[in-house]
Amino acid sequence: MRAVVIDAVRGRPAVREVPDPTCPDGGVVVQVMATGMCRSDWHAWAGHDDIAFPHVPGHELAGVVVEVGAGVGRWTVGDRVTVPFVCGCGRCEWCRSGNAQVCPDQQQPGFTHWGSFAEHVALHAADANLIALPESLDFATAASLGCRFATAYRALVARARVTEGEWVTVLGAGGAGLSAVMIARALGCQVVAVDRNPDALALAADLGADHVLLADGADVPAAVTDLTGGGSHVAVDAVGSEQTCADAILSLRRRGRHVQIGLLPPVDGHPRVPMDRVIGWELDVLGSHGMAAADYPDMLDLVAQGRLRPDRLVRRTIGLAEAADLLPTFDRATGAGITLIDPRR
């Protein structure tokens, strides 16, 4: 099969012919019809994750089952499926309680094994992790759900537990941040979107943000406090930097809730967080790591009702060769919205 291959940390990605994946027991092989390019893929390329080389990235995907491993009971060849980027083992206490996103024996395509920047991908514990796609949901939209959209949905619904009328500030208007804007608005919240990219902010406004703030040189916490009448109830760092994390926390009102969904690489050992404010104002600091397959039905129902429109986030589709060129620069990409890859191109 053709795949985007990385041979070393920060090595130049290249499209090469590689062996087809072997179908694992309990798993499946999926023909990839669409896969998203995410900042997390850039983190893997940059060496922020412990991955083995050579490596094929990619963790947001949708496609068709082409091979079924021993012991799989729910899936057959030809099924249209998607999958969370965290695949739980399906056996441990966390998976049994519906929390596969924190499974200690999890598998992650594009991180623990070769991923979906390829024509085919192997997926583990299929009966526990795969999600059937309704015929009304196209592959491109389904692929956009797998990491950024599902992570933002769970961050707001299950972790921050937002309620109608609350203020939500979203730091970063990339794929995850724009997803959070759309979801928060659909849940009846008032939204402030913050980014350095005017085009991304224009899209955030189009998706329903009540206010947009250009972050370059601005005192973001002061601006948010003024706009919201005392600070947000919920803040989301959808970027993952010391600056955005601190700005998000300092934008909260007393007893507010901060959700960290952007990966936060260590600086000098550990990222610095304004814990004095967390303690003094009794703020909740919450992590959110994807979303288990068990939680997809509620989100898909909102998509089916038209209350959530993840298709509006998809702004371009590229082939594998373009993906190989784009990946090393993705942390500096200025295009708004989600970029999808069609491996058949």
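Everything below is about the structure printed above this text.
Residues numbered from 1 in each chain as written. Predicted model: local features only at pLDDT ≥ 70, side-chain atom pairs only at ≥ 80, totals over all residues. Heavy atoms only, no water.

Enquirer: Got a minute to help me understand the overall build of the protein in this structure?
Expert: When you go through the protein residue by residue, the secondary structure sums to eleven helices and 15 strands. Computed over C-alpha atoms, the radius of gyration of the protein comes to 19 Å, within 12% of the 20 Å expected from 2.2 N^0.38 for 345 residues, which places it in the range of a compact globule. Reported as C-alpha extents along the three principal axes, the dimensions of the protein are approximately 55 × 40 × 35 Å. Partitioning the contacts of the protein with sequence separation of at least 6, the portion at a separation of at least 24 is 69%. Total accessible area on the protein is roughly 14100 Å²; 49% of this is exposed by carbon and sulfur atoms. Here the protein carries 29 positive and 40 negative side-chain charges, and the mean point of each set is 3 Å from the other. (Helix = DSSP H or I, 4+ residues; strand = E, 2+ residues; numbered from the N terminus. Rg over C-alpha atoms; globule rule 2.2 N^0.38 Å. Contact = heavy atoms within 4.5 Å. Areas by Shrake-Rupley, 256 points an atom, 1.4 Å probe, with all protein chains shown as cover. Lys, Arg positive; Asp, Glu negative; His and termini not counted. Charge placed at Lys NZ, Arg CZ, Asp CG, Glu CD.)

Enquirer: Looking at this model, I keep getting lost on the sheet that holds strand S13 (residues 284-287). Mind explaining?
Expert: To summarise the sheet geometry, strands pair through backbone hydrogen bonds and adopt either a parallel or an antiparallel arrangement. With parallel pairing, six strands are arranged side by side in an open sheet as S10-S9-S8-S11-S12-S13. The open sheet terminates on both sides in strands that have one partner only, identified here as strand S10 (211-214) and S13. When the angles between neighbouring strand axes are averaged without regard to direction, this sheet yields 20°. Bridge analysis of strand S8 (residues 167-171) against strand S11 (residues 232-237) gives four bridges, and the strand direction is parallel. When the sheet's bridge partners are listed, Val168 is paired in S11 with Val234. (Pairing = 2+ DSSP bridges. Axes fitted to C-alpha atoms, helices over the stretch in contact; angles between N-to-C directions.)

Enquirer: What should I look at first to understand the side chain of Ser144 in this one?
Expert: For Ser144, the location among the structural elements is in helix H4 (residues 139-159). With a relative accessible area of 1%, Ser144 lands in the buried category. Here Thr141 takes part through its backbone oxygen, which lies 2.6 Å from a polar atom of the side chain of Ser144. Apart from the residues within four sequence positions on either side, Ser144 is in contact with Glu60, Phe149, Pro310, Val314, Ile338 and Leu340. (Buried < 20%, exposed > 50% of the residue type's maximum accessible area, 1.4 Å probe, protein only. Polar contact = N/O pair within 3.5 Å; in protein donor to acceptor, adjacent residues only side chain to side chain.)

Enquirer: Hey, could you run me through the side chain of Ser179 in this one?
Expert: Along the chain, Ser179 falls in helix H5 (residues 175-186). Residue classification places Ser179 among the buried positions, given a relative accessible area of 0%. Here Ser179 is in contact with Arg148, Phe149, Ala152 and Leu313, once residues within four sequence places are set aside.

Enquirer: When you look at the packing of aromatic side chains in this model, what are you seeing that I'm missing?
Expert: Given two aromatic rings, one states the distance between the centres and the angle between the planes to describe the pair. The tally for this structure, following the rule as stated, stands at one aromatic pair. Their ring planes at 40° and their centres at 6.4 Å tell us that Trp42 and Trp45 sit as a pair that is tilted. Here Trp42 pairs with Trp45, and both are found in helix H1 (residues 39-45), just three residues apart, close to one helical turn. Summarising the burial analysis for this pair, Trp42 and Trp45 share the class buried. (Phe/Tyr/Trp six-rings, centres within 6.5 Å; stacked < 30°, edge-to-face > 60°.)

Enquirer: Before we go on, may I ask you to explain H4 in this structure?
Expert: Along an α-helix, a turn takes 3.6 residues, which lines up residues three or four apart on a common side. The terminal C-alpha atoms of H4, which comprises 21 residues, lie 28 Å apart, in line with the 30 Å expected from a rise of 1.5 Å per residue. At Gly146, H4 shows its largest kink, close to 60°. Counting buried positions along H4 gives 17 out of 21 residues, so the element sits mostly inside the fold. Positive backbone phi, at 50°, marks Arg161, one or two positions downstream of H4. (Expected span 1.5 Å × (residues − 1). Bend = angle between axes of the 7 residues up to and from the residue.)

Enquirer: Just to check I follow, could you spell out the pairing of strand S12 (residues 252-260) for this structure?
Expert: Residues in a regular strand point their side chains to alternate faces of the sheet. With five bridges connecting them, S11 and S12 associate as parallel partners. Of the residues in S12, the one forming a bridge with Ser232 is Leu252. This β-α-β element, S11 to helix H8 (residues 242-250) to S12, shows right-handed connectivity. Judged from the four bridges that link them, S12 and S13 form a sheet pairing that is parallel. When the sheet's bridge partners are listed, Val259 is paired in S13 with Leu286. (Right-handed = clockwise from strand over helix to strand, strands pointing away.)

Enquirer: Please explain the pattern of salt bridges as it appears in this structure.
Expert: A side chain of one charge can pair with a side chain of the opposite charge when the charged atoms of the two come close. For the structure on display, the rule yields twelve salt bridges. The partner of Arg12 in a salt bridge is Asp325, with the nearest N and O atoms 3.6 Å apart. Taken together, the positions of Arg12 in the loop between strand S1 (2-5) and strand S2 (14-17) and Asp325 in helix H11 (residues 320-326) put the pair 313 residues apart, joining distant regions of the chain. Of the charged contacts, one joins Arg185 and Asp210 as a salt bridge, the two residues approaching to 3.7 Å between their closest N and O atoms. Here Arg185, found in helix H5, pairs with Asp210, found in the loop between helix H6 (198-206) and S10; they are 25 residues apart in sequence, far enough to count as distant. Using a relative accessible area of 34% as the deciding quantity, one classes Arg185 as partly exposed. Judged by its relative accessible area of 35%, Asp210 is partly exposed. (Salt bridge = Lys/Arg side-chain N within 4 Å of Asp/Glu carboxyl O.)

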